[in-house]
Amino acid sequence: MAKTPSLFVSFFTLVGMLAVIFYSIFVLGVEPHIPLAVCLVAMVVIGLLYGCSWAKIEEGFIDGIKLGIKPIIILCLVGMVIAVWMMSGTVPTLLTIGLSVISPQWFALSAMFICIIVSSFSGSSFTTIGTVGVALIGVGMALGVPLGIAAGAIICGACFGDKMSPLSDTTNFAPGILNVELFSHIRHMMWTTFPSLIITATIFFFIGKNSTDSVPLANIDEAIQTLAVNFNISWLTLLSPLLVVVMAFKRWPVIPVLVVGIATGLLTALLVQGNITTAAWMAVLQHGFTLESGNEIVDGIVNRGGLQSMMWSVSLIIIALAFGGILQSIGLLQAFIDGLTRYLHHQGHLIASTAGASIGVNVLTGEQYLSILLPGQTFKPFYEKANLQLKNLSRTIEDAGTLVNPLIPWGVSGAFFASTLGVPVAEYLPYAFFLLLSPVFTVLLGYLNIGVAKKA
């Protein structure tokens, strides 16, 4: 019979695994795939030593991977959407508009609020990043905005809707597992959301105001002219992304929405750009769009997308989720979370422990739904015992679960955002202020006893 690891064993095993991963990535400078795979093998050995059968371990990593099937399919479809929208002229048209109206000084603020609007209407950071996010990162590149800042602003805006929109799956999931009314949950999150957003907007304002690394105006004009030479710039090319956003707002499932985006993008390419052969569009879907215009700015922006461009992230997500599945199956993860419950004699400690558990699950499994589900189930009785309304718990697991996943290189959202925008997580992480501040505020308000709802 399998033994349950103690808190001591769980803690030092998990710390050791994280040390290997972080040392490999940030000191040795290698990609995260192999370090994670090494830790996965080590966890299999530990599980066998603790009496777990191979069948149970195998079931664990298969169950872990199952959690990522939908995001993996979405990731592949987004890669094809990006390639098609390059070929159809959709992204070039958006680039032309963006370069004409947005200045480098106002880019970060503009990008963030554009993404807030789109994510609030679509309820999906994935849809937002895969549509307007791709166009905005191109605008930022052309304007000479540092990629970390550009991606940070885009991701802050995209994740706002993922947290606050009633159309978001995580916004529904967090209160749903705790039987908290949806709009009560959303209103309660305003305590942490709006201070974080105001500070983020203020920082981006000063970053833009002090920005000096912009591209000369002549280079921007040359980029616009190059786009006009190589594409038919037309408002018709914007019908496909508009349809995608409308369908997302109508709460259509994301996979059919993306398929429609691909189909309408191909139709747009045929009608607006012309001379698109069957072999050509199939190659674009597989390998991405390619253009040799002679303009480095334009070529660097539009040469991207395709199914193959997402395979780096797909393989990383599979390894990370298999690793997380084994952690669950042998009981290490639950033993660690249960150990945190020893420090729950104070309201502030309770909320901080909840946030810590959500962040820990995120880091160890790369899966934001588990980072909401496991702490939510574990800490629910402690909130009830402390006479705290459960919307405090649902807010905490959103702040430290939903918003932390994009900050983890092997997290589902982190891998997706990095691949789609072409900016590594380590590069945009220091500028993802909204995502960094929200967990801080949720813990801080817990200790200050501000915005913490008590039972009547």
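Residues numbered from 1 in each chain as written. Predicted model: local features only at pLDDT ≥ 70, side-chain atom pairs only at ≥ 80, totals over all residues. Heavy atoms only, no water.

**Observations concerning the overall build of the protein chain**
Formally: Each helix is a run of H or I in the DSSP string that is no shorter than four residues. Each strand is a run of E no shorter than two, and both are numbered from the N terminus. Computation of the radius of gyration draws on C-alpha atoms alone. For the globule rule, the value is 2.2 Å times the number of residues to the power 0.38. Between buried and exposed lies partly exposed: a residue is buried under 20% and exposed over 50% of the maximum accessible area for its type, with that area taken using a 1.4 Å probe on protein chains only. The contact criterion used throughout is that any non-hydrogen atoms of two residues lie within 4.5 Å.
For the protein chain, the helix and strand inventory stands at 23 helices and 0 strands. Relative to a compact globule of 456 residues, whose C-alpha radius of gyration would be 23 Å, the protein chain shows 23 Å and is just as compact. Principal-axis analysis of the C-alpha atoms gives the protein chain an extent of 65 × 50 × 40 Å. Within the protein chain, the fraction of its 456 residues that count as buried is 57%. Excluding contacts between residues fewer than 6 apart, the proportion of contacts in the protein chain whose partners are at least 24 apart in sequence is 80%.

**Some details on the nonpolar core**
Applicable threshold: Nonpolar core, defined: a set of buried Ala, Val, Leu, Ile, Met, Phe, Trp, Tyr and Cys residues in which side-chain atoms within 4.5 Å join the residues together.
Of all hydrophobic cores here, the largest spans 140 residues; its most connected members are F107, M112, F204, W410 and L435. Examining the composition of this core, we find that 14 residues originate from one element, helix 4 (residues 69-88), more than from any other. Ignoring sequence-local partners within four residues, the contact set of W410 consists of I21, F22, I25, P32, L36, L316, A320, V363 and G366.

**Brief notes about the environment of I220**
Within the fold, I220 resides in helix 11 (residues 217-230). A relative accessible area of 8% means that I220 is categorised as buried. The spatial distance from the C-alpha of I220 to the C-alpha of F194 is 35 Å, given a sequence separation of 26 residues.

**As for the packing of aromatic side chains**
So the rule is basically this: Only centres within 6.5 Å qualify two rings of Phe, Tyr or Trp (six-membered ring in Trp) as a pair; their planes then separate them into stacked at under 30 degrees, edge-to-face at over 60, and tilted for everything else.
Enumeration over the complete set of coordinates arrives at 14 aromatic pairs. Centroid distance F126 to F417: 6.0 Å. Interplanar angle 70 degrees. Geometry classified as edge-to-face. Taken together, the residues span a long stretch of sequence, with F126 in helix 7 (residues 125-143) and F417 in helix 21 (residues 412-421) at a distance of 291 residues. Grouping residues by exposure puts F126 and F417 together as buried. Among the aromatic residues, ring-to-ring pairing joins F22, F26 and W410 into one connected group.

**As for the pattern of salt bridges**
This is how it is decided: Only one rule defines a salt bridge in this text: a Lys or Arg side-chain nitrogen within 4 Å of an Asp or Glu carboxyl oxygen.
Across all of its chains, the model carries 2 salt bridges by this definition. A salt bridge links K66 to D63, with the shortest nitrogen-to-oxygen separation between them at 3.8 Å. Note that K66 and D63 are positioned in helix 3 (residues 54-66) at a spacing of 3 residues, about one turn of the helix. You can call K66 exposed: its relative accessible area is 55%. Linking K163 and D399 is a salt bridge whose minimum nitrogen-to-oxygen distance equals 2.5 Å.

**Some words on the environment of S122**
Position of S122 relative to the elements: it lies in helix 6 (residues 107-122). Residue classification places S122 among the buried positions, given a relative accessible area of 5%. Between the C-alpha atom of S122 and that of Q308, which follows or precedes it by 186 residues, the distance is 26 Å. When sequence neighbours within four positions are dropped, the list of residues in contact with S122 reads T127, T128, L167, A248 and F249.

**Let's talk about helix 6**
Formally: The length a helix should cover is 1.5 Å for every residue beyond the first.
The end-to-end C-alpha distance of helix 6, which contains 16 residues, comes to 22 Å, matching closely the 22 Å that a straight helix rising 1.5 Å per residue would cover. When helix 6 is considered as a whole, its buried residues turn out to be F107, A108, L109, A111, M112, C115, I116, V118, S119 and S122. Of the surrounding secondary structure, the elements contacted by the buried residues of helix 6 are helix 7, helix 8 (147-164), helix 10 (182-209) and helix 12 (239-249). Two residues or fewer after helix 6 comes G123, characterised by a positive phi angle close to 75 degrees.

**Re the packing of helix 7 against helix 8**
Short version of the rule: Every axis corresponds to a line fitted to the C-alpha atoms, with the helix fit spanning only the stretch in contact, and the corresponding angles, defined between N-to-C directions, vary from 0 to 180 degrees. Note on angle classes: values under 35 degrees are labelled roughly parallel, values over 145 roughly antiparallel, values of 65 to 115 roughly perpendicular, and the remainder oblique. Helix crossings get a hand from a simple test, with the near helix turned counterclockwise from the far one by less than a right angle marking a left-handed crossing and a clockwise turn marking a right-handed one. Gly is put with the polar residues, along with every residue not named as nonpolar or charged; the nonpolar set is Ala, Val, Leu, Ile, Met, Phe, Trp, Tyr, Cys and Pro, and the charged set is Asp, Glu, Lys and Arg.
Contact geometry of helix 7 with helix 8 gives a least axis separation of 10 Å together with a crossing angle of 155 degrees. Taken together, the axes of helix 7 and helix 8 lie roughly antiparallel to each other. The crossing of helix 7 and helix 8 is right-handed. Here S125, T128, I129, G133, L136, I137 and M141 of helix 7 come into contact with helix 8, specifically with L147, A150, A151, I154, I155, A158, C159 and D162. Classifying every residue of the contact of helix 7 with helix 8 by side-chain character gives 11 nonpolar, 3 polar and 1 charged.

**A few points about a nonpolar patch on the surface**
Which entries qualify depends on this criterion: In this scheme, patches are assembled from residues that exceed 30% relative accessible area and form no salt bridge. Like charges are connected within 9 Å, while nonpolar side chains (Val, Leu, Ile, Met, Phe, Trp, Tyr) are connected within 5 Å. What sets the accessible areas is the Shrake-Rupley method with a 1.4 Å probe; for residues, cover comes only from the shown protein chains.
On the surface, F22, Y23, F26, V27, L28 and V30 cluster together into a nonpolar patch covering about 590 Å² of accessible area. Position of L28 among the secondary structure elements: in the loop between helix 1 (7-27) and helix 2 (33-49).

**What about the side chain of D399?**
Its place among the elements puts D399 in helix 20 (residues 390-402). Assessed through its relative accessible area of 0%, D399 is described here as buried. The residues touching D399, leaving out its near neighbours within four places in the chain, are K163, T192, V404, S438, P439 and T442.

**Things to note about unusual backbone geometry**
Look at N387: it is not a glycine, yet its phi comes out positive at around 65 degrees. Here N387 shows up in the loop between helix 19 (368-385) and helix 20. Since its relative accessible area comes to 37%, N387 is described here as partly exposed. Phi at N449 takes a positive value of approximately 60 degrees, unusual for a residue other than glycine. Looking at the element boundaries, N449 is found in the segment after helix 23 (433-448). Judged by relative accessible area, N449 falls into the partly exposed class, the value being 42%.

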